[in-house]
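# Remarks on the overall topology
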Amino acid sequence: MEHVAAGDRLDSRGRALSRLGPRCLAVAAGLVLDRLLGEPPATVHPVAAFGRTMERIEQALWADRRSNGAIYTAAGVALGAAAGSAAGSTAVAVWAAAAGRELRRVASHVGELIAAGDLATARAELPALVGRDPSGLDTSQIAAAVIESVAENSVDAVIAPAFWAVVAGAPGAAAYRAVNTMDAMVGRRNERYANFGWAAARLDDAANYVPARIFAGLLAALHFERAHQLMVTVRRDAPAHPSPNAGVAETAMAAAIGCQLGGPLRYGAVEETDAMQRHGGAS
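Residues numbered from 1 in each chain as written. Predicted model: local features only at pLDDT ≥ 70, side-chain atom pairs only at ≥ 80, totals over all residues. Heavy atoms only, no water.

## Looking at the side chain of D237
Among the structural elements, D237 can be located in helix α10 (residues 227-237). A polar atom in the side chain of D237 sits 2.8 Å from the side chain of R236. (Helix = DSSP H or I, 4+ residues; strand = E, 2+ residues; numbered from the N terminus. Polar contact = N/O pair within 3.5 Å; in protein donor to acceptor, adjacent residues only side chain to side chain.)

The structure is reproduced here in structure tokens:
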């Protein structure tokens with residue numbers, strides 16, 4: 001019986017490994033589709049449709065309790081996974097879940113505006129990347145905001161959808177995008193969502209934990225000459241960030257390109273003073 005059980009385990013592992021290669025190729029194809037085609041139009045984008053559905057679910061479930069938020073979050077994950085299963089293609093699910101091309105487009109556009117000295121338009125475009133108040137930002141602060149957004153959203157919009165698609169195929173990619181979308185919708189520390197959005201925010205932290213560290217590892221590999229300093233800087237500075245994952249991504253990016261990011265940030269009437277003050281400098 002023990003030999004039979006061991007054989008079953010080996011067969012199960014073999015089947016899993018046999019699926020891994022094709023799944024990785026499908027993930028790569030999905031990222032190529034995103035690079036070539038960008039996101040689908042908003043009128044037919046499945047993420048936009050998901051957002052509208054979750055707004056209706058929120059209206060039905062909202063109460064200032066974590067338990068209601070947990071039910072909302074579970075419903076969203078189930079809906080996302082079901083949509084991924086219905087898609088029937090890991091490549092298509094990754095294409096729908098990723099947004100790397102749009103991230104590059106917007107970041108490049110704001111960079112061009114900064115280079116041209118058009119700070120007014122750069123400030124007007126910045127909310128497409130970050131949630132902070134851009135009205136008082138100078139050239140350096142706008143540039144830092146763009147870099148921070150590219151770092152954080154490279155995890156959210158590229159690494160994490162690919163990672164969860166490798167782990168669980170099309171349902172994994174779609175469920176991840178559902179979690180990330182719910183976090184954007186209700187995972188805010190304000191009076192309405194502090195309790196209701198708690199489950200979505202914590203689940204998003206968990207879903208991005210490994211992808212954020214993969215991103216840091218990829219930057220270390222790409223900037224091999226700075227790899228040791230990058231990892232030292234991440235361990236030293238990332239814990240100062242309010243987010244366990246954005247701190248890793250932004251610190252790694254800062255160390256990789258040798259710049260300073262972070263500091264007090266304003267989100268509407270709320271100012272965060274516990275963000276990172278120092279990145280990329282000497283220890």
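On we go from here.
## Some thoughts on α10
Residues of α10 that are buried include every one of A227, L230, T233, V234 and D237, and no others. One side of α10 carries all its buried residues, which in axial view fall inside an arc of 125 degrees. Every exposed residue of α10 that faces more than 90 degrees away from the buried side is listed here: H228 and R235. Those residues of α10 that are buried lie in contact with α9 (198-222) and α11 (246-257). (Buried < 20%, exposed > 50% of the residue type's maximum accessible area, 1.4 Å probe, protein only. Arc of directions from axis to C-beta. Contact = heavy atoms within 4.5 Å.)

## Some remarks on the pattern of salt bridges
For the structure on display, the rule yields 5 salt bridges. In this structure, the salt-bridge partner of R202 is D205, at a minimum N-O distance of 3.0 Å. Of this pair, R202 and D205 both sit in helix α9, 3 residues apart, roughly one helical turn. (Salt bridge = Lys/Arg side-chain N within 4 Å of Asp/Glu carboxyl O.)

## Digging into the packing of aromatic side chains
Under the definition given, this model contains 2 aromatic pairs. Plain terms: the ring middles of Y72 and F196 are 5.1 Å apart, the flat faces sit at 55 degrees to each other, and that makes the pair tilted. Of this pair, Y72 sits in helix α3 (residues 66-87) while F196 is found in helix α8 (residues 193-196), placing the two residues 124 residues apart along the sequence. Classification of Y72 as buried rests on a relative accessible area of 0%. Given the relative accessible area of 0%, F196 is considered buried. A cation over an aromatic ring shows up here: R213 above the ring of Y209, its NZ or CZ 3.7 Å from the ring centre. (Phe/Tyr/Trp six-rings, centres within 6.5 Å; stacked < 30°, edge-to-face > 60°. Lys NZ or Arg CZ within 6 Å of the ring centre and 35° of its normal.)

## A look at the packing of helix α7 (residues 139-186) against α11
In a packed pair of helices, the relevant descriptors are the angle between the two axes and the axis-to-axis distance. With their axes 8 Å apart at the nearest point, α7 and α11 run at an angle of 125 degrees to one another. When the axis of α7 is compared with that of α11, the two are oblique. The element α7 and its partner α11 pack so that their crossing is right-handed. The residues of α11 that touch α7, namely those facing I147, E148, V150, A151, E152 and V155, are A246, A249, E250, M253 and I257. (Axes fitted to C-alpha atoms, helices over the stretch in contact; angles between N-to-C directions. Parallel < 35°, antiparallel > 145°, perpendicular 65-115°, else oblique. Left-handed = near helix turned anticlockwise from the far one by under 90°.)

## A closer look at the nonpolar core
Membership of the largest hydrophobic core comes to 18 residues, with the highest contact counts inside it found for F215, L219, L230, V234 and A252. Sorting elements by how many residues they give to this core places α11 first, with 6 residues. Residues contacting V234, with those up to four places away along its chain left out, are P239, V248, T251 and A252. (Core = buried A, V, L, I, M, F, W, Y, C linked by side-chain atoms within 4.5 Å.)

## Concerning the environment of L33
As for its placement among the helices and strands, L33 is situated in helix α1 (residues 2-37). In sequence terms L33 and W95 are 62 residues apart; their C-alpha atoms lie 5.9 Å from each other. If we skip the residues at most four places from it in the chain, L33 touches G38, A91 and W95.

## Let's talk about the confidence of the model for the protein chain
Chain-level statistics for the protein chain give a pLDDT mean of 89 and a share of 86% at 70 or above. Long-range and interchain partners of residues 266-271, a stretch whose pLDDT sits below 50, account for 11 contacts in this model, where long-range means more than four residues apart. pLDDT under 50 marks residues 273-283. Its contacts with residues more than four places away, or in other chains, come to 43 contacts. (pLDDT = per-residue confidence, 0-100.)

## Considerations on the packing of α3 against α9
In the contact formed by α3 and α9, the axes pass within 7 Å of each other and the chain directions differ by 50 degrees. By the angle between their directions, the pair α3 and α9 is classed as oblique. In this structure, α3 contributes R66, G69, A70, T73 and V77 to the contact, and α9 contributes W198, A199, A200 and L203. Of the residues in the contact of α3 with α9, the class split is 6 nonpolar, 2 polar and 1 charged. (Nonpolar A, V, L, I, M, F, W, Y, C, P; charged D, E, K, R; others polar.)

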